[in-house]
Amino acid sequence: MTDTDETVTSSQAHSLRVWAGRIVAAVVVVYGVSVANDLLLADTRLIADRADMVSLDRVPAWSVEVQHALFGQGSVGYRLTAMLVHLLNCGLLLLVARRWTSASLAGWGTLIFAIWPSGSQAVLHLGSQAELLTTTWILSALWLSGGGRFHVIRAVGLLLIVILGLHTSAQAFALPLFLLLVHHRLARRGQPTPTWLMHLSAYGTAAGWLLWKMSTRAVDAATIDPLTNPLASLPTSQRVMVALDQGWSYAQSLLVPLRLSADYGFGVIDVSATLTTGVRVGLLLALLGFVLLRFVRHADLLSLGVLWWAVALLPASNVVSRIDLARSDAYLYLAMVGGSLSLAALLTTLSTSSRTRWIVATLLVMMGARTIAWCRDWRDDEHLWAATVVAQPSSARAHEALATALQRRGASVAAQAHYQRAIGLYPRFATAHLNLGLSLYEEGRWPAALDQFDIVCQLQPLNATAHLNRGAALFRQGLWMPAADAYRQAAELRPAWPVPWLNLGDALRAAGDEDAAAAAVDHARSLGAVLSFD
């Protein structure tokens, strides 16, 4: 190496250190306010049910288990962990992007990624840490795929990362395509490219995962809640059409992230496939085809970023297979890796004068302020779902979640209004019916509460809690034997639950059957119930 080479390398390293300092400062300023956020109700349920987390893949479940062992129910530890992982991803992106472009462009792209509101849900929501960790695995794999010695060891490491990624979220399936994009970019720049062994490791593992997913897709579709993903029950052609059309919505959320939302489920997404939908999808595919041709010819950073965005969203779009959510802002986190590089390339091109530089700087400050505001919206359930209702007034899930938060605060009148709004949007919303019934029951409006519990029992005949509450509403109205029947139904559905047996004893005693009442209480005691007079 010559003295000139050493000087260039030293200068580049210094530039990266300067950018790293700026990025750390930006993340601390923007996401620091989220450290004080409370755990959401969904977060506490996730932590409480960590031993049986069917809603998470293995790696995120392990992550929650480890964090619970360290932090218990304290929110600060979880928030700091998410922020530190985000910082790690920023550092990995800075190192990886430096191979694809100049230190300045890599720095600007990483800074945009660090503070841009799009995808910030992955940092703010414990249930979205799968997307946060998937980005870590993918950037780590791309860093390993760079030039250097120990090719076999690097390939084995990449294989292990791919396996971990596929056990984290479906978005890890995009890694082989990322390798292809990066390979083409590096080859055009005359830099070392990923070896065939690394490509083979990624392709083979992803192909095996895809075959497994295809074999279980019928079972997956049957367990997906239409409330969170109304696309799951659509015919394949219609589902694919509507899912592709969501690409425009994702593009809007990336470029103009002013109406972020915690829910895009039932009532938010239009699932009808019209002629307009077909035209929009055709236009989107044509645009992506044009960008692909441009990238093949020029391997430019702007095209790389756009294609990265499309590839990152593909596994999470319900196009390849049905997934739990129709759409989520958390899926934009990985997509923002490419989106931030494209924005950096575009903004750098526009920053040809001091005036345009000030405009770009103002834009970045505005986006950072928007992220801070979004962090504050996530400080508790009531603020989050109130903001979501404003952004998506047709979201049944948002109205129900806001109602639950209001009910916990004691604002039962406002809560009941939102429960009724959720039911109006989605009449089969069993949880909203149940919670509305509980709210009415607490106010002593037992006939109205009974109506809601009856609906839940019709929608979910195996819901033991609904039958128990139905029995309580009947008991309060002096209908002892119908109440006893409801309690028996609850006891049959959950044989190890002592509460229905205790309530059955009260109903039978009120009906005058002391012997049967005593037998019910004895059975409850055998199930572990501790009575005050024991």
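One structure accompanies this document, and this report is about it. Since the structure is predicted, the reported quantities are computational estimates derived from the model, not experimental observations.

### Brief notes about the state of the cysteines
In protein structure, a disulfide is the covalent linkage between the sulfur atoms of two cysteines.
1) Next: Using the criterion set out here, one finds 0 disulfides in the structure.
2) Next: Looking at the unpaired Cys-90, the closest cysteine sulfur is the one in Cys-375, lying at 13 Å.
3) Next: A residue is classified by how much of its surface remains accessible, and Cys-90, at 2% relative accessible area, is buried.

### Re unusual backbone geometry
1) Next: Residues other than glycine seldom take positive phi values, yet Ala-299 does so here, at roughly 50°.
2) Next: Located in the positive-phi region is Asn-318, a residue other than glycine, with phi close to 65°.
3) Next: Tracing the backbone shows Asn-318 in the loop between helix H13 (301-313) and helix H14 (332-350).

### So, the environment of Met-336
1) Next: Tracing the backbone shows Met-336 in helix H14.
2) Next: Overall, the relative accessible area of 1% leaves Met-336 in the buried class.
3) Next: C-alpha of Met-336 to C-alpha of Pro-315: the two residues are 21 residues apart in sequence and 15 Å apart in space.

### Focus on the layout of surface pockets
If a probe as big as a water molecule is rolled over the atoms, it shows which places are left empty.
1) Next: The calculated volume of the second largest pocket comes to roughly 430 Å³.
2) Next: For the second largest pocket, the lining is made up of 19 residues, of which Leu-255, Leu-287, Val-306, Trp-309 and Ser-342 are closest to its centre.
3) Next: Listed by contribution, the elements that provide at least two residues to the lining of the second largest pocket are helix H11 (236-255), helix H12 (275-298), H13 and H14.
4) Next: Here the lining of the second largest pocket is built from residues that sort into 14 nonpolar, 4 polar and 1 charged.

### Points about the packing of helix H7 (residues 129-144) against helix H8 (residues 151-166)
1) Next: Relative orientation of the contacting elements H7 and H8 amounts to 170°, with a least axis distance of 9 Å. Comparing the axis directions of H7 and H8 gives the class roughly antiparallel. When the axes of H7 and H8 are compared, the crossing they make is left-handed. Where H7 abuts H8, its residues Trp-137, Ser-140, Ala-141, Trp-143 and Leu-144 lie against Arg-154, Gly-157, Leu-158, Ile-161, Leu-164 and Gly-165.
2) Next: Broken down by class, the residue content of the contact of H7 with H8 amounts to 7 nonpolar, 3 polar and 1 charged.

Criteria and cut-off values
- Residues numbered from 1 in each chain as written.
- Predicted model: local features only at pLDDT ≥ 70, side-chain atom pairs only at ≥ 80, totals over all residues.
- Heavy atoms only, no water.
- Disulfide = S-S within 2.5 Å.
- Buried < 20%, exposed > 50% of the residue type's maximum accessible area, 1.4 Å probe, protein only.
- Helix = DSSP H or I, 4+ residues; strand = E, 2+ residues; numbered from the N terminus.
- 1 Å grid on protein atoms, 1.4 Å probe; cavity = no way out; pocket = protein on both sides within 12 Å on 5 of 7 lines; lining within 4 Å.
- Points joined across faces, edges and corners; volume = space filled by probe spheres on them.
- Nonpolar A, V, L, I, M, F, W, Y, C, P; charged D, E, K, R; others polar.
- Axes fitted to C-alpha atoms, helices over the stretch in contact; angles between N-to-C directions.
- Parallel < 35°, antiparallel > 145°, perpendicular 65-115°, else oblique.
- Left-handed = near helix turned anticlockwise from the far one by under 90°.
- Contact = heavy atoms within 4.5 Å.

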